[in-house]
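As a plain string of letters, each chain reads:
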Amino acid sequence: ELKVEQNPLFLSMQEGKNYTIYCNYSTTSDRLYWYRQDPGKSLESLFVLLSNGAVKQEGRLMASLDTKARLSTLHITAAVHDLSATYFCAGVIAGKSTFGDGTTLTVKP
Amino acid sequence: DSGVTQTPKHLITATGQRVTLRCSPRSGDLSVYWYQQSLDQGLQFLIQYYNGEERAKGNILERFSAQQFPDLHSELNLSSLELGDSALYFCASSPGGGDEQYFGPGTRLTVT
């Protein structure tokens, strides 16, 4: 059974700073997703990572996947207030997704 | 707007009742996924359909069932409802089986 652990669960950052959210998973996963959820809203897909060494970037967010370490990271560069949200990673095995508990990010001026 | 629609937005019902949640995927998407989000259990994958066939099954209770119709819309049926079934239920769709998923706005179910 796939287990997914995110840390930290809560993150308070100052605008302009960099930080990384970590997503560890327990067994080989077919792919790794990152999602964003704003309060009271649905999920928005950010990245799908398929293979070892995959790196994807969108704006101030960059996601990477290390399948040997069973680790994915979501790096935030020069944070801005609009990035405040909860971020989830999810691993997939045989079509079944398992989510982490989410990282609630608050970016302060 | 993701292009995925879900109805109803809110549903309040009593324990023991049965409800049906509906999802219409984005045009052209063949896969539909159902998820449950609650404070107790977080986000949980329930089930995936691809072009009318069940493709993957997650933590879906026996009291719950789903189907995908020929026009690709999907319904999630929840029966013998319990207080613990109160949650947000999301539907998502994707073109195939391993692509980026597009989420609907969700149905908030409250069981009293």
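To be clear, the structure that these remarks concern was listed above.
Given the structure is predicted, the values throughout are model-derived calculations rather than measurements. (Residues numbered from 1 in each chain as written. Chains lettered and ligands numbered in written order. Predicted model: local features only at pLDDT ≥ 70, side-chain atom pairs only at ≥ 80, totals over all residues. Heavy atoms only, no water.)

Help me understand the sheet that holds strand S3 (residues 19-24) of chain B, please; the structure alone is not making it clear to me.
Sheet strands pair by backbone hydrogen bonding; their relative direction is either parallel or antiparallel. Residues and elements named next belong to chain B. Within the open sheet, the four strands sit side by side as S1-S3-S8-S7. Their pairing is antiparallel. Looking along the sheet, the strands with just one partner apiece sit at the ends: strand S1 (5-7) and strand S7 (64-68). The sheet shows a mean angle of 15° between the axes of neighbouring strands, taken without regard to direction. Strand direction decides the pairing type here: S1 and S3, joined by three bridges, are antiparallel. Residue pairing across strands places Thr7 opposite Arg22, the latter belonging to S3. (Pairing = 2+ DSSP bridges. Helix = DSSP H or I, 4+ residues; strand = E, 2+ residues; numbered from the N terminus. Axes fitted to C-alpha atoms, helices over the stretch in contact; angles between N-to-C directions.)

Honestly, the side chain of Asp85(B) in this entry has me stumped. Any pointers?
Residues and elements named next belong to chain B. Relative to the assigned elements, Asp85 resides in the loop between strand S8 (74-78) and strand S9 (87-94). Classification of Asp85 by relative accessible area gives buried; the value is 3%. In this structure the side chain of Asp85 is engaged in a polar contact, spanning 2.8 Å, whose partner is the side chain of Arg63. (Buried < 20%, exposed > 50% of the residue type's maximum accessible area, 1.4 Å probe, protein only. Polar contact = N/O pair within 3.5 Å; in protein donor to acceptor, adjacent residues only side chain to side chain.)

Could you clarify how one ought to interpret the interface of chain A and chain B in this entry?
As a measure of interface size, the accessible area lost when the parts come together is often cited. Taken together, the 15 residues of chain A in the interface contact 16 residues of chain B. Roughly 1300 Å² is buried in total at the junction of chain A and chain B, and carbon and sulfur atoms are behind 56% of that figure. Considering only the surface of chain A that becomes buried against chain B, Ser42(A), Leu43(A) and Phe99(A) emerge as the three largest contributors, covering 33% of it. Along the contact surface separating chain A from chain B lie zero salt bridges. Counting residues per element, the ones that place at least two in the side of chain A that touches chain B are strand S4 (31-37), strand S5 (43-49) and strand S10 (96-99) of chain A. Partitioning the side of chain A that touches chain B into residue classes produces seven nonpolar, five polar and three charged. (Contact = heavy atoms within 4.5 Å. Buried area = accessible area lost by both parts, 1.4 Å probe. Salt bridge = Lys/Arg side-chain N within 4 Å of Asp/Glu carboxyl O. Nonpolar A, V, L, I, M, F, W, Y, C, P; charged D, E, K, R; others polar.)

Even after reading the chapter, I still don't get the pattern of salt bridges, so can you show me in this structure?
Pairs can form between side chains of opposite charge whenever their charged atoms are close. Under the criterion given, the structure shown has four salt bridges over all chains. Note that Arg36(A) and Asp38(A) form a salt bridge whose closest N and O atoms lie 2.9 Å from each other. The class of Arg36(A) is buried, set by a relative accessible area of 13%. When its relative accessible area of 27% is taken as the criterion, Asp38(A) is described as partly exposed. Across the pair Arg63(B) and Asp85(B) runs a salt bridge, and its minimum N-O distance is 2.8 Å. Linking Arg63(B) in the loop between strand S6 (53-57) and S7 with Asp85(B) in the loop between S8 and S9, this pair joins segments that are 22 residues apart in sequence. The network of salt bridges with shared partners includes Arg63(B), Glu82(B) and Asp85(B).

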